[in-house]
Amino acid sequence: DSHSRQVVFRHPYPLPPPPEAPRPEHIIINENTVPEKSVNTKSVEPDAELEQLIQQCQDEQNIVRRSNACGAIKVLASHDTNKAKLARTNGLLDALVYASLDDAVDSDALDARTRAVTALLYLSEPKDNRIIIAKHPGILDVLVKVIEEDTGEAR
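Given the structure is predicted, the values throughout are model-derived calculations rather than measurements.

Basis of the calculations
Residue numbering note: each chain is counted from 1, following its sequence as written. Residue-level local features of this predicted model are given only where pLDDT is at least 70; pairs of side-chain atoms are given and counted only at 80 or more, and the full residue set underlies all totals for whole chains, interfaces and linings. For side-chain calculations, the full set of non-hydrogen atoms in the structure is used, while hydrogens and water are omitted. Burial classes: relative accessible area under 20% of the type maximum marks a residue as buried, over 50% as exposed, and values in between as partly exposed (1.4 Å probe, protein chains only). A run of DSSP states H or I qualifies as a helix once it reaches four residues; a run of E qualifies as a strand once it reaches two. Both are numbered from the N-terminal end. An arc is given here, and it is the one of the directions from the helix axis to the C-beta atoms. In what follows, residue pairs with any heavy atoms lying within 4.5 Å of each other are defined as contacts. Nonpolar side chains (Val, Leu, Ile, Met, Phe, Trp, Tyr) are joined into patches within 5 Å and like charges within 9 Å, using only residues with over 30% relative accessible area and no salt bridge. Computed with the Shrake-Rupley method and a 1.4 Å probe, the accessible areas treat only the protein chains shown as cover for residues. Within this document, salt bridges are pairs made up of a side-chain nitrogen of Lys or Arg and a carboxyl oxygen of Asp or Glu, the two lying within 4 Å of each other. N or O atoms within 3.5 Å of each other form a polar contact, as long as, within protein, one can give a hydrogen and the other can take it, and as long as residues adjacent in sequence are counted only when both atoms are side-chain atoms.

> I'm lost on helix H4 (residues 80-87) in this one. Help?
Structurally, the α-helix is built with 3.6 residues per turn, so residues lying three or four positions apart point the same way. Among all positions of H4, only Lys83, Leu86 and Ala87 are buried. Relative to the axis of H4, the buried residues are bounded by an arc of 90° and lie together on one face. Residues of H4 that are buried sit in contact with helix H2 (48-57), helix H3 (63-77), helix H5 (92-101), helix H6 (107-123) and helix H7 (127-135).

> It is not clear to me how a nonpolar patch on the surface should be interpreted in this structure. Could you clarify?
A contiguous nonpolar surface patch, about 270 Å² in accessible area, is contributed by Leu140, Leu143 and Ile147. With respect to the helices and strands, the residue leucine 143 is situated in helix H8 (residues 139-149).

> I keep staring at the environment of aspartate 106 and nothing clicks. Help me out?
Tracing the sequence through the fold places aspartate 106 in the loop between H5 and H6. Given the relative accessible area of 37%, aspartate 106 is considered partly exposed. Remark: the alpha-carbon pair of aspartate 106 and glutamate 149, spanning 43 residues in sequence, is separated by 13 Å. Reaching out from aspartate 106, the side chain makes a polar contact with the backbone nitrogen of alanine 109 at a distance of 2.8 Å.

> Explain the side chain of arginine 66 to me, please; I cannot follow it from the model alone.
Positionally, arginine 66 belongs in helix H3. Arginine 66 has contacts with Gln56, Cys57, Asp59, Glu60, Tyr98, Ala99, Asp102 and Ala112, leaving out every residue within four places of it along the chain.

In C-alpha cells, the structure reads:
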C-alpha cells in the first residue's frame, strides 16, 4: 500500500520562465553585421596613354591588340605604387571586365582574358581596393565565368 502514496516535495523546483518570442530577422541581422568600412572611392581620370590602353582593352576587332593592352595594364597593376590609382581609374575596371567576359574563342582571346583576370588579381591585393573591385558591375560575373570555363592560368 505504501506505493500508492504520492510524494510531496517541501520545496518544489520553480518552473522556468516562458521563452522569449523570437526576434525579427532584421534585428538579428543588424546586431550581427559589421559596419561597412568607408573606402576612398574617388575616381581618377586616366591620362592619355592609359586612356588608349583602356580603349584597346575593349577592341572588338583586333584581339591581339586587346591582349597586348591587357598585358600592359597587368604589368602596371603589378607595381604596388599603381594599385590604388588604377582600381579607381574611370573605365579601367570596365575594360578588364569586357576583356574577361568575352568568349575565349582562340588563344589570343584566352591570353587577353588571362591577362585581364591577372590584372584584377594584382589590383585586389590592397584591402581597400577589394571593396571597390568586388562592387564593380560585372566583376563577380567574370570570376564565375572564368572559374566555370577556364582550366588554365586565369582560373
